[in-house]
Amino acid sequence: MYIGIDVGGTCTDAVLLSEGKVRSTAKIYNTPNNLLTSLVQALDSVMKGVSAGDIERVVLSTTMITNLIVERKYDPVGLLIMPGPGRKLEHYRNADVHILSGAIDYRGREIIPVNEEEVLQAIKEFDAKGYNKVAVVGKFSPRNNRHELQVAELVKKHKPHWQVEMGHRAGGQLNFPRRVDTTVLTCATKEKYRYFVQSVNEALKKRDIKAQVFIMKADGGTMTLESSEQSPVETIFSGPAASTLGAQALTAAGETSLVVDIGGTTTDLALILSGKPLLSSKGVMVGDKLTQVRTLAVKSVPVGGDSVVEMVGKELIIYSERMGQPYCLGGPFPTPTDALNVMGLTRLGDKDRAWEAMSRLGKWANMSPVEVAKNIINLVVDTIVKEIENMFLEWEQEPAYRIWEVMQKRRVRPQNVVGVGGGAAGFVPQIAIRIGGTPVLPPYASVANAIGAAVARPTLQVTMRADTEQNIFSIEEDGYQGKINRSPFGFEQALDLAKEWLINKASRMNIGDQMQDVEITRREVFNIVRDLKTTGKIYDICVQTPRGIQWHIGAGGKLI
Amino acid sequence: MKKRTGLVFFPAFDWSIAPIHPEREERLLYTRDQIFEEGVLDLPEIIEYRPQVATPHEIARAHFCVPGVDDQVLVAHRIAAGAAIRLSDRIMSGEINNGFAIVRPPGHHAMRVVHGNRGFCSINNEAVVVEHLRRTYGIKRIAIVDTDVHHGDGTQDIYYHDPDVLFISFHQDGRTIFPGTGFTDELGGPTAYAATINIPLPPGVTDSSLLYVIDNLVLPILKDFEPEFVINSAGQDNHFTDPLGSMLITAQGYARMTEKLKPDLAVLEGGYAIESALPYVNLAILLALAGRDYSYVTEPGNHPGKIVENSQVTNYVHQVVDQLQQMWDKRKDVTVSQLCGGSKYYQRHKNIFYDTEYFEEKQLEKVRACVSCPGYVLIDSHAAQPKIGRCRVMAISIHNRCCKNCIAEAWEAYYEAKKDYRYSYVYLQDKTDDTFITFRRDDQKEWRTEG
Ligand SMILES: [Zn+2]
Ligand SMILES: [Zn+2]
């Protein structure tokens, strides 16, 4: 049996699954500043009548790190960067940053050496200001981490108790500014995240659960709770990712679905293409920071059930702000929820108040309450449908660097429109009609997030880049860099090396059983030619376990 | 509003002319690394677009491909040209102020008639855009500034008789480098005199002399011409580390030049120092287009005082500029009849060498020296291209501003050529109504495409 838990800002949702069926669900209002209590309550309420020994796996998703960052409740971090030549970085030229000598190029060759004097000076200044957390980040460090190691060692030598994070570990993709921010956030949240991990372990211990424990990542995969301590930033936006996977689990396998999560003031759109959730093409922005963390592609539309509606002249306008509850629930202004109530599409709220809200709006424009309600619903549907179209267009227009990518046909429209969230029932059928899909309102939609967590598969990815001219290779996800020590080293050997790396990683994390079907998602070979001679090859290879869900639940909740 | 720059990056990681050819998969690999690592794609000023695929008709507006578009043009070429089209559309819509197509394969050696690949080029990306802009948006005056180390002989060939397209090319003197053309006396045909400007430069030119040419010649000419749209054929082989060119230009020099030229659209051409130049030059140009600070972009090993220009080079550059300034000032005194000796046609013989596959094309090009319009062009071309063997074709191009008489004469010439058994193919490009006709003698088939 699997348990999925989503720790949100106000609620903790939990679900217990057994053989593809939902056994029980729970919604617990969080006890402020006491994560442990909320977790134990959630476990107790889904585990009634179940013995702890039957639990095979527990998967959690959490908004904790997201909220820490958005509310800027993380610790101050001193920044040591080696940007070398290139773009001017106005953004970092402030008091808490030291720009050090040292530069590496795109092939990992040293251009400018590190100046240790500068590092010592920086340590002194950070010390004087009271810092004990430092991020060390160099441009092109994923291609050669020597400078970062050198600087980090110096810091450790002089300040053994400081927490030092390096860019090639925290942000292995090629994007220096994002690497800087990702490293800073990793450094700033680790200690606080440890509290989360401890609370989870304690809660499970209290209930004698010895199952494997995983945590959701932003991209819909999972990692072990233990390994997540190294990269807490990977858990940001794991909540929306869990909802998307939940919606996927509640619909039929292999289909193309649009997930519409209609909340109070926003509607989140996500896409599942032939059974695979769509990833965003770039890392996510959290607070004011651009990270290297890839998430599922979720588009937020600023309209929801509690949005304020006003009549301006003869035109209805929906505002993105929330001014309280819908009128039918005692709020101050008319909202789309009131319109749904008048049209009999929701039972939420007081019918008389809903009619009152609509007739108030219609008075000046000479419209009946029903007309007003219809117009509001149309307006909401219009707004969402327009953004759905945009979402598909954006996906079709994503940059392409290879001929086959340009020529590949990308015109797809969803078979299903899956509604989750409070306002879904009223709007989703109409949205589906407009875009020609089948509306799906799955059962358990209100705990789709916890279901998504429970069914999420552990995922591992290894991105390897080997440069045979320099006889080096690196593994992006682990920040590992080493010498190639097998000969000959052709594409086959390179692929084998990447796969071995993946398998070793899986067994270290105790998920070797997930390695049956390894996908090769990138296989590129570049000839390095100098003076008309081939002097080496660059292999760029990415292997991964399939992302997605363990199984589907129920018949899919299709409405006919 | 903020300045916005569009980027189409199409490195064609799955295409090469041959595994160790300079036009291979690796060429823009390090440029990608540099651009990604700098995070420039996250700048609010920069919008990245996906390339589109240029249609055969869009290509036929600029070229006579022998025997047909599909025989000469690969998907890679269509995407590179399509990238430039996509950016030109975004510029015209006002979504972006300018754009940079960092694409391969390049195009500026591709001429009007295409029998094969020349100087790594099969179709001319800039010409495809010019014809697209004229047809779609009715733009009248367009300038192309070619800043590749090689003479843009293909672009010159296509617009030699077109007074509405100003072509300015500076390059290393043709006596010292491929393709061996681009001298100061190549100034355009009689109906387009001084709409072609060539600025041959001696080897060893540095940033300062380059900027001297831009300030004292290129910018004043552009100002007088008043183009509605400026395209930069942005070759990067003037770089001091380029293996093919012998110039001494730096990434800073390229950026400064771009800032001065203010092109609407820059299209990458040559540049084969794929490690020491391209990552830095591409980055510097992109930042310059976006109005960002590029002063920290320096190549490894380059430091102030490293690159010095020989004073003879400086003097020579000043002389070339002087000479062309004088020509430009007096251009209006030169008449059509002076240029063609009073005869009805102006004609020239051309031998065109296709260096990729080693064969030659012979051409007789005639332009109707009309006093009331740019005239039409007749090209009698034969070549023994490896694909189809010896083949002679007649190609007729009608300018979009041709007068009624010229249109009638050109169509008459087309019907005559169809009767002439010597031509295996007869082509007619009528830019007044955007039609393109191909006639194949073999089976007497004729087909047309329309925009
Ligand atoms: Zn060139
Ligand atoms: Zn005429």
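Residues numbered from 1 in each chain as written. Chains lettered and ligands numbered in written order. Predicted model: local features only at pLDDT ≥ 70, side-chain atom pairs only at ≥ 80, totals over all residues. Heavy atoms only, no water.

**Q** Could you clarify how one ought to interpret the interface of chain B and chain A in this entry?
**A** Accessible area lost when the parts come together is the quantity often used to give the size of an interface. Counting residues at the interface gives 46 residues for chain B and 50 residues for chain A. When the two sides are added together, the surface that chain B and chain A hide from each other amounts to roughly 4000 Å², 53% of it contributed by carbon and sulfur. For the chain B face of the interface with chain A, the top three residues by lost area are Glu-37, Arg-50 and Tyr-296 of chain B, together amounting to 21%. Counting every contact that joins chain B to chain A gives 10 salt bridges. Of the charged contacts in the structure, one is a salt bridge between Glu-38 of chain B and Lys-139 of chain A, with a shortest N-O distance of 2.8 Å. At the junction of chain B with chain A, the criterion picks out 29 residue pairs in polar contact (both at pLDDT 80 or more). Put simply, the parts of the chain that give the side of chain B that touches chain A at least two residues each are strand 1 (5-10), helix 1 (29-38), helix 4 (75-93) and helix 9 (278-289) of chain B. At 8 residues, the largest contribution of residues to the side of chain B that touches chain A is made by helix 1 of chain B. (Contact = heavy atoms within 4.5 Å. Buried area = accessible area lost by both parts, 1.4 Å probe. Salt bridge = Lys/Arg side-chain N within 4 Å of Asp/Glu carboxyl O. Polar contact = N/O pair within 3.5 Å; in protein donor to acceptor, adjacent residues only side chain to side chain. Helix = DSSP H or I, 4+ residues; strand = E, 2+ residues; numbered from the N terminus.)

**Q** Explain the coordination of the zinc ion (ligand 2) to me, please; I cannot follow it from the model alone.
**A** Around a metal, the ideal angle is 109.5 degrees if four donors adopt a tetrahedral arrangement and 90 or 180 degrees if six donors adopt an octahedral arrangement. Residues and elements named next belong to chain B. For the zinc ion (ligand 2), the full set of protein donor atoms is Cys-370 (SG), Cys-373 (SG), Cys-403 (SG) and Cys-406 (SG), at a range of 2.2 to 2.3 Å. For the zinc ion (ligand 2), the 4 donor atoms in the first shell make angles of 101 to 114° at the metal, a pattern classed as tetrahedral. The sequence pattern formed by the donor residues of the zinc ion (ligand 2) is C-x2-C-x29-C-x2-C. A single burial state applies to Cys-370 and to Cys-373, both of which are buried. (Donors = N, O, S within 2.8 Å, 3.2 Å for Na, K, Ca; no water. Tetrahedral: all angles 85-135°; square planar, octahedral: opposite > 155°, others 65-115°. Buried < 20%, exposed > 50% of the residue type's maximum accessible area, 1.4 Å probe, protein only.)

**Q** What is the right way to read helix 1 (residues 35-46) of chain A from this model?
**A** All names here are of chain A. A rise of 1.5 Å per residue sets the reference length of helix 1, with its 12 residues, at 16 Å; its end C-alpha atoms lie 17 Å apart and thus fit the reference within 8%. All of the buried residues along helix 1 are Leu-35, Leu-36, Ser-38, Leu-39, Val-40, Ala-42, Leu-43 and Val-46. On its buried face, helix 1 is in contact with strand 1 (2-7), strand 2 (11-18), strand 3 (21-29), strand 4 (57-62) and helix 6 (176-206). (Expected span 1.5 Å × (residues − 1).)

**Q** How should the coordination of the zinc ion (ligand 1) be read in this particular structure?
**A** For the zinc ion (ligand 1), the protein coordination sphere consists of Asp-148 of chain B (OD), Asp-148 of chain B (OD), His-150 of chain B (ND1) and Asp-237 of chain B (OD), at 1.9 to 2.8 Å. Classification of the site at the zinc ion (ligand 1) rests on its 4 donor atoms, whose angles at the metal span 52 to 153°, yielding the label irregular.

**Q** I would appreciate a short explanation of the sheet that holds strand 10 (residues 163-166) of chain A in the present structure.
**A** Whenever strands of a sheet pair, they do so through backbone hydrogen bonds, lying parallel or antiparallel. Residues and elements named next belong to chain A. Strand order in this open sheet of 4 strands is 6-5-9-10, and the pairing throughout is parallel. What marks the edges here is a single partner per strand, and that holds for strand 6 (97-99) and strand 10. Each adjacent strand pair in this sheet contributes to an overall mean axis angle of 15°, direction not counted. Strands strand 5 (78-82), strand 9 (133-138) and strand 10 of the sheet are contacted by helix 6, whose axis makes an angle of about 160° with strand 9. (Pairing = 2+ DSSP bridges. Axes fitted to C-alpha atoms, helices over the stretch in contact; angles between N-to-C directions.)

**Q** Sorry if this is basic, but what is going on with the domain arrangement of chain B here?
**A** All names here are of chain B. Per the domain assignment, the segments making up chain B are domain 1 (4-332) and domain 2 (336-450). Taken over C-alpha atoms, the centre of domain 1 sits 27 Å from the centre of domain 2. Counting from both sides, the interface comprises 36 residues of domain 1 and, opposite them, 48 residues of domain 2. Summed over both sides, the interface of domain 1 with domain 2 buries roughly 3400 Å², with 56% coming from carbon and sulfur. At the junction of domain 1 and domain 2, the tally comes to 6 salt bridges. Lys-431 is the partner of Glu-131 in a salt bridge, and the nearest nitrogen-oxygen pair spans 3.2 Å. Contributing elements (two or more residues each) for the side of domain 1 that touches domain 2: helix 2 (56-60), strand 3 (64-65), helix 3 (69-72), strand 5 (113-114) and helix 5 (125-137). Broken down by element, the residue count for the side of domain 1 that touches domain 2 peaks at 3 residues, all from helix 5. (Domains from an automatic or database assignment.)

**Q** How do you make sense of the packing of aromatic side chains when you look at a structure like this?
**A** Both the distance between ring centres and the angle between the ring planes are used here to describe each pair of aromatic rings. Enumeration according to the criterion identifies 24 aromatic pairs over all chains in this entry. Measuring from centroid to centroid gives 6.2 Å for Phe-491 of chain A and Tyr-539 of chain A, while their planes differ by 55°, and the two rings are tilted. Placement of the pair is Phe-491 of chain A in helix 15 (residues 491-508) and Tyr-539 of chain A in strand 27 (residues 533-544), with a sequence separation of 48 residues. Look at Trp-411 of chain B and Tyr-415 of chain B: their rings are 6.1 Å apart centre to centre, the planes differ by 40°, and that puts the pair in the tilted class. One end of the pair, Trp-411 of chain B, and the other, Tyr-415 of chain B, are both in helix 12 (residues 404-419), 4 residues apart, so they sit about a helical turn from each other. Here the aromatic residues Tyr-106 and Phe-140 of chain A together with Tyr-30 and Tyr-280 of chain B are joined through ring pairs into a cluster of three or more. The ring of Tyr-327 of chain A has Arg-353 of chain A lying over it, and the distance from NZ or CZ to the ring centre is 3.9 Å. Sitting over the face of the ring of Phe-225 of chain B, Arg-141 of chain B holds its NZ or CZ atom 4.0 Å from the ring centroid. (Phe/Tyr/Trp six-rings, centres within 6.5 Å; stacked < 30°, edge-to-face > 60°. Lys NZ or Arg CZ within 6 Å of the ring centre and 35° of its normal.)

**Q** What's the story with the pairing of strand 1 of chain B in this structure? I'm lost.
**A** Two faces make up the sheet, and in a regular strand the side chains alternate between them. Residues and elements named next belong to chain B. In terms of burial, strand 1 is largely enclosed, as 6 of its 6 residues are buried. Side chains of strand 1 alternate between two faces, with Thr-5, Leu-7 and Phe-9 and Gly-6, Val-8 and Phe-10 buried alike. In this structure, strand 1 lies alongside strand 4 (residues 98-103), joined through 6 bridges in parallel fashion. Looking at the pairing, Leu-7 lines up with Phe-100 of strand 4. The pairing of strand 1 with strand 2 (residues 46-49) spans 4 bridges and is classified as parallel. Its bridge partner being in strand 2, Gly-6 is matched across the sheet by Ile-47. This β-α-β element, strand 1 to helix 1 to strand 2, shows right-handed connectivity. (Right-handed = clockwise from strand over helix to strand, strands pointing away.)

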